[in-house]
Amino acid sequence: MNTNKRYCLALDLKDDPKLIAEYIEYHQPENAWPQITQNMADAGIIDMEIYHLGDRLFMIMETTADFDPNVEPKTDEGKTKSEEWETLMWNYQQPLKWAKEGEKWVQMDLIYDLKKVNS
């Protein structure tokens, strides 16, 4: 039995074609920040995909069962790089109207599951 967790999250980008193109460029595999990908692995993120349409982003994240999104990176370097990355990304991102103060990615609610329909 699979005990991994799946998170589906949404976020908006600033509606500026130049900024959106830059954001997409930062997320190309060859531009990944090694410390950020290490932080994700250390936290229990197994896989992550980000989809884009217009100024909307949608993230699917598969994690270990014990994943806690509120746990900070394990090392000082990891914390520093994470803060740098988040500060940089806020140049491109804007919170959804449903987001709480200071919240970026907002978790979406599951409303349909084909596996449950067919069981």
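Cut-off values and rules
Residues numbered from 1 in each chain as written. Predicted model: local features only at pLDDT ≥ 70, side-chain atom pairs only at ≥ 80, totals over all residues. Heavy atoms only, no water. Helix = DSSP H or I, 4+ residues; strand = E, 2+ residues; numbered from the N terminus. Phe/Tyr/Trp six-rings, centres within 6.5 Å; stacked < 30°, edge-to-face > 60°. Buried < 20%, exposed > 50% of the residue type's maximum accessible area, 1.4 Å probe, protein only. Arc of directions from axis to C-beta. Contact = heavy atoms within 4.5 Å. Core = buried A, V, L, I, M, F, W, Y, C linked by side-chain atoms within 4.5 Å. Patch = residues over 30% accessible without salt bridge, like charges linked within 9 Å, V, L, I, M, F, W, Y side chains within 5 Å. Areas by Shrake-Rupley, 256 points an atom, 1.4 Å probe, with all protein chains shown as cover. Salt bridge = Lys/Arg side-chain N within 4 Å of Asp/Glu carboxyl O. Axes fitted to C-alpha atoms, helices over the stretch in contact; angles between N-to-C directions. Parallel < 35°, antiparallel > 145°, perpendicular 65-115°, else oblique. Left-handed = near helix turned anticlockwise from the far one by under 90°. Nonpolar A, V, L, I, M, F, W, Y, C, P; charged D, E, K, R; others polar.

Time to look at the environment of D76. With respect to the helices and strands, the residue D76 is situated in helix α3 (residues 76-89). Separated by 44 residues in sequence, D76 and A32 have C-alpha atoms that sit 19 Å apart.

Looking now at the packing of aromatic side chains. Summed over all chains, the structure comprises 6 aromatic pairs. Centre to centre, the rings of Y7 and F67 are 5.5 Å apart; their planes meet at 70°, and the pair counts as edge-to-face. With Y7 in strand β1 (residues 5-13) and F67 in the loop between β3 (56-63) and α3, the pair connects residues that are 60 residues apart, well separated along the chain. A single burial state applies to Y7 and to F67, both of which are buried. These aromatic residues form a ring-pair network of at least three members: Y23, Y26, W33, W85 and Y92.

So, on to helix α2 (residues 34-43). Those residues of α2 that fall on the buried side of the exposure criterion are Q35, I36 and N39. Taken down its axis, α2 places every buried residue within 100° of arc, on the same side. For α2, the secondary structure elements touched by its buried residues are α3. Directly after α2, the chain includes G44, whose backbone phi takes a positive value near 105°.

Bringing the side chain of Q93 into the picture now. Secondary-structure assignment places Q93 in strand β4 (residues 93-94). The class for Q93 is buried, based on a relative accessible area of 3%. Look past the residues within four positions of Q93 in its chain and what remains in contact with it is L11, D12, L13, K14, Y23, K104 and W105.

Attention shifts here to the nonpolar core. Y23, M61 and W105 are the most contacted members of the largest nonpolar core, which totals 17 residues. Those elements that place two or more of their residues in this core are β1, α1 (17-26), β3 and α3. No other element matches the 4 residues that β1 contributes to this core. Not counting the four nearest positions on each side in its chain, Y23 is found in contact with L13, L57, M89, Y92, Q93 and W105.

A contiguous nonpolar surface patch, about 490 Å² in accessible area, is contributed by I111, Y112, L114 and V117. Residue position: I111 is located in the loop between β5 (106-107) and α4 (114-117).

Tallied over the entire structure, the rule returns 4 salt bridges. A salt bridge links K18 to E22, with the shortest nitrogen-to-oxygen separation between them at 2.6 Å. Here E22 and K18 lie together in helix α1, a separation of 4 residues that amounts to about one turn. E22 sits in the partly exposed class, given a relative accessible area of 28%.

Here the focus is the packing of α2 against α3. Relative orientation of the contacting elements α2 and α3 amounts to 110°, with a least axis distance of 9 Å. Relative to α3, the element α2 lies roughly perpendicular. Relative to α3, the crossing made by α2 is left-handed. Here Q35, I36 and N39 of α2 lie close against α3, whose contacting residues are E77, G78, K81, S82 and W85. In the contact of α2 with α3, the residues fall into 2 nonpolar, 4 polar and 2 charged.

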